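# Fold and contact review
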Amino acid sequence: MPSRPMISYAHVSKRFGPLVAVDDVSLDVAEGEFLAIVGGSGSGKTTLLRLANRLIEASSGTIMVEGQDVQDIDPVALRRRIGYVFQSGGLFPHLSVADNIGITPKLLGEPDAAIAARVDELIDLVRLDRAAHRDRLPEALSGGQRQRVGVARALAAGPRIVLMDEPFGALDPLTRDALGEDFRDLHRRLGLTTMMITHDMTEAILLADRVAVMRGGKLLAQGTPAELSGSGEAYVLELLGTPRRQVERLNTLLPQSGAA
Ligand SMILES: Nc1ncnc2c1ncn2[C@@H]1O[C@H](COP(=O)(O)OP(=O)(O)OP(=O)(O)O)[C@@H](O)[C@H]1O
Ligand SMILES: [Mg+2]
């Protein structure tokens, strides 16, 4: 084994009354790894993600972050170390782009000048336009721009881990592609460890190093796309069938690009 995992779930379950939302999941995410979590609606993806930063508390099992049991870390300190990008962007509607991005450093009591400099840096990092966007309210941004603000805000406290809940789900395919590529690049340049939920197997394969498949609260399979294609689980193969069919259809419908 290489270095210890950044995030480690060992036999983790979460029950909501009689419902087992996450069922005995064991999963390691290595430092620098980009892991995608895929699975149908209600399969436990969001619950699994939120257990890592204690937005939800596990019913049983152990979750370690950077080698430390999350139960021994103050939840506020934990969330400072782990950036979180919400599905809908989750921006504060009454705060400007700059104030949304700077909210965590502000809550941490950083001086205003340092926050302003950090906000400018983050606006550049997520490729928004300082002059045009810095002082706008979220309502005056496109969906893609809002998601960029969400990513900037998640990075504001300098986390080493980023959790993303369907961050690009509601966007048109081109914007989604561009944002995915941009984030993948940030992930690499900043040396982040990323867990990203998506219901889109194609997106998972294109962006992630490894893919974890959830179904009915259970972790059905995990591995690189190549490893998953050797899975014995019918459901996993079914999920992998969609990108395959897309490729085949595209290949028959689109003329092959000429001089490559
Ligand atoms: N606070 C809660 N109280 C009761 N049940 C919950 C709660 N949160 C989630 N659940 C249930 O746990 C199961 C898993 O929910 P979860 O949100 O993790 O699914 P998901 O895979 O993220 O689905 P989606 O793709 O629709 O976002 C669902 O059956 C859901 O109804
Ligand atoms: Mg969810």
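Refer to the structure printed above.
Below: a short report on this structure. All figures in this text were calculated on a predicted structure; none of them were measured in a lab.

### Side note on the sheet that holds strand β8 (residues 193–197)
With mixed pairing, the six strands of this open sheet are ordered in space as β6-β7-β8-β3-β9-β10. The strands lining the two open edges of the sheet, one partner per strand, are β6 (82–85) and β10 (218–223). Recorded for the sheet is a direction-independent mean angle of 15° between the axes of neighbouring strands. The pairing of strand β9 (residues 210–215) with β10 spans five bridges and is classified as antiparallel. When the sheet's bridge partners are listed, alanine 212 is paired in β10 with glutamine 222. Helix-sheet contacts for helix α7 (residues 143–155) involve β6 and β7 (161–165), and the interaxial angle to β6 is about 165°. Seen against the sheet, helix α11 (residues 234–253) touches β3 (34–39), β9 and β10 and runs at an angle of roughly 120° to β9.

### Here we look at the packing of aromatic side chains
A full pass over the atoms with the stated rule returns two aromatic pairs. If you follow arginine 215 out to its NZ or CZ, it ends over the ring of tyrosine 235, 4.1 Å from the centre.

### Regarding the packing of α7 against helix α8 (residues 173–189)
At a closest axis distance of 10 Å, the pairing of α7 and α8 adopts a crossing angle of 15°. It follows that α7 is roughly parallel to α8 by the angle criterion. You can see that α7 and α8 cross each other, and the crossing is right-handed. On α8, the residues that touch Gly144, Gln147, Arg148, Val151 and Leu155 of α7 are Thr175, Ala178, Leu179, Asp182, Phe183 and Leu186. Across the contact of α7 with α8, the residue classes break down as six nonpolar, three polar and two charged.

### Regarding the sheet that holds strand β1 (residues 7–16)
Through backbone hydrogen bonds, the strands of a sheet pair up, either in parallel or in antiparallel fashion. Sheet architecture is open: four strands sit in the order β2-β1-β4-β5, paired in antiparallel fashion. Each edge of the sheet is formed by a strand with only one pairing partner; in this case those strands are β2 (19–29) and β5 (68–69). Strand direction decides the pairing type here: β1 and strand β4 (residues 60–65), joined by five bridges, are antiparallel. Looking at the pairing, alanine 10 lines up with threonine 62 of β4. Against the sheet, helix α1 (residues 45–52) engages β1, β2 and β4, with an angle of about 120° to β1.

Criteria and cut-off values
Residues numbered from 1 in each chain as written. Chains lettered and ligands numbered in written order. Predicted model: local features only at pLDDT ≥ 70, side-chain atom pairs only at ≥ 80, totals over all residues. Heavy atoms only, no water. Pairing = 2+ DSSP bridges. Helix = DSSP H or I, 4+ residues; strand = E, 2+ residues; numbered from the N terminus. Axes fitted to C-alpha atoms, helices over the stretch in contact; angles between N-to-C directions. Contact = heavy atoms within 4.5 Å. Phe/Tyr/Trp six-rings, centres within 6.5 Å; stacked < 30°, edge-to-face > 60°. Lys NZ or Arg CZ within 6 Å of the ring centre and 35° of its normal. Parallel < 35°, antiparallel > 145°, perpendicular 65-115°, else oblique. Left-handed = near helix turned anticlockwise from the far one by under 90°. Nonpolar A, V, L, I, M, F, W, Y, C, P; charged D, E, K, R; others polar.

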